[in-house]
Amino acid sequence: MKHIPRKRFGQHFLTDRAIIDAIVEAIAPKAGQAVVEIGPGLAALTQPLAERLGKLTVIELDRDLAQQLRLHPQLQVIQSDVLKVDFVQLAADKAGASGKIRVVGNLPYNISTPILFHLLEAVDVIEDQHFMLQKEVIDRMVAQPATSDYGRLSVMLQWRYAMENVLFVPPQSFDPPPRVDSAIVRMVPHAAPAVLDPALLSEVVRVAFSQRRKLLRHSLGKWLEQKQSAPSFDLQRRAEEVPVAEYVALTQTLEAGKHL
């Protein structure tokens, strides 16, 4: 189907057959699994997924594309902004006995981070996620402490997922080619994640990285003072030097202090 990519939707359509095959292999879909695809576009990935799965649920914002996709007998099409989709309810409707869905997609690069945080709220009903994203974003997602890419996104996602960069995707694999390199990330929720208040972890990490060039005593230290909290935590470091586990432990300590 002929479709002119719309800049306001951040549309870049995957056309490289070898890359498409490699992505499908990485996802390894099996017949009968409940899979949800975000941003199917021109169905480059959708078609081989549907062939292996038997049926597939897709979420597409573009009304014209959604109308075309509805002609495909194996697809259930949800025409919506993905940020408004209730994935917990979707899993209840689609997942059957397993109770969990698999989520895949070529995420619009202009809103990829909000989508990742929206899905984090539904992580308990997600088996795994495979996303095409800007390579720079994936580098930040999987970054290790004491590197320039390590930051809020790294901590917030690594607390809840095991992640790996599984495939590099060059600009020429798309029509039109984006001005950035892309990659595929695999995100598998941890089976037994640390129990904490995600909003508090988010606040701790936001404050810590608000002045990432300075020692934490200038940012997180002052914030802890305002909260009249003095946990055992080394503030003579920069935010990027603190491992995920220590941010998690600090959050749990602060939570425990609230309930004393």
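See the structure above.
Residues numbered from 1 in each chain as written. Predicted model: local features only at pLDDT ≥ 70, side-chain atom pairs only at ≥ 80, totals over all residues. Heavy atoms only, no water.

Per the stated rule, a full pass over the model turns up two aromatic pairs. Ring geometry for tyrosine 150 against phenylalanine 209: centres 6.1 Å apart, planes inclined by 65°, an arrangement best described as edge-to-face. Taken as a pair, tyrosine 150 in the loop between helix H6 (135-141) and helix H7 (152-158) and phenylalanine 209 in the loop between helix H8 (198-208) and helix H9 (220-226) lie far apart in primary sequence, 59 residues in all. Its relative accessible area of 0% is what places tyrosine 150 among the buried residues. Taking 6.0 Å as the distance between ring centres and 40° as the angle between the ring planes, the aromatic pair formed by phenylalanine 209 and tyrosine 247 counts as tilted. Taken together, the residues phenylalanine 209 in the loop between H8 and H9 and tyrosine 247 in helix H10 (residues 244-258) connect sequence positions 38 residues apart. Take tyrosine 247: its relative accessible area is 0%, and that puts it in the buried class. Seen from the ring of phenylalanine 233, arginine 237 lies directly overhead, with NZ or CZ sitting 5.1 Å from the centre. (Phe/Tyr/Trp six-rings, centres within 6.5 Å; stacked < 30°, edge-to-face > 60°. Helix = DSSP H or I, 4+ residues; strand = E, 2+ residues; numbered from the N terminus. Buried < 20%, exposed > 50% of the residue type's maximum accessible area, 1.4 Å probe, protein only. Lys NZ or Arg CZ within 6 Å of the ring centre and 35° of its normal.)

Let us look at helix H5 (residues 112-120). Counting buried residues along H5, seven of its nine residues qualify, which places the element largely inside the surrounding structure. Listing the buried residues of H5 in full gives Ser112, Ile115, Leu116, Phe117, His118, Leu119 and Leu120.

With that settled, consider the pairing of strand S6 (residues 126-134). Of all nine residues in S6, eight are buried, a share of seventy percent or more. Taken together, the six bridges between strand S5 (residues 101-106) and S6 define a ladder with parallel strand orientation. Bridging from a neighbouring strand, valine 103 pairs with glutamine 129 of S6. At this point the chain moves from S5, through H5, to the parallel S6, and the crossover so formed is right-handed. (Pairing = 2+ DSSP bridges. Right-handed = clockwise from strand over helix to strand, strands pointing away.)

For the coordinates displayed, the defined rule picks out nine salt bridges. The partner of aspartate 124 in a salt bridge is arginine 160, and the shortest N-O contact between them spans 2.7 Å. Here aspartate 124 is found in the loop between H5 and S6, whereas its partner arginine 160 is found in the loop between H7 and strand S7 (161-169), with 36 residues between them in sequence. For arginine 160, a relative accessible area of 8% puts it in the buried group. (Salt bridge = Lys/Arg side-chain N within 4 Å of Asp/Glu carboxyl O.)

Attention now goes to the sheet that holds strand S2 (residues 35-38). Spatially, seven strands are ordered S4-S3-S2-S5-S6-S9-S7 in an open sheet, and the strand pairing comes out mixed. One side of each edge strand has no neighbouring strand; the edge strands of this open sheet are strand S4 (75-79) and S7. Within the sheet, the average angular offset between the axes of one strand and its neighbour, ignoring direction, is 20°. For S2 and strand S3 (residues 56-60), the ladder comprises three bridges, and the chain directions are parallel. Residue pairing in the sheet places glutamate 37 in a bridge with valine 58 of S3. In the packing of helix H2 (residues 46-53) onto the sheet, contacts are made with S2, S3, S4 and S5, and the angle to S3 comes to roughly 155°. H5 rests against S2, S6, S7 and strand S9 (182-189) of the sheet, and its axis sits at about 175° to S6. (Axes fitted to C-alpha atoms, helices over the stretch in contact; angles between N-to-C directions. Contact = heavy atoms within 4.5 Å.)

A separate point is the environment of alanine 31. You can see alanine 31 is positioned in the loop between helix H1 (17-27) and S2. Taking the C-alpha atoms as reference points, alanine 31 and valine 142, 111 residues apart in sequence, are found 30 Å from one another. Those residues in contact with alanine 31 that lie beyond four places of it in its chain are Arg52 and Leu53.

It is worth stressing that arrangement in space is one thing and function is another; only the former is reported here.
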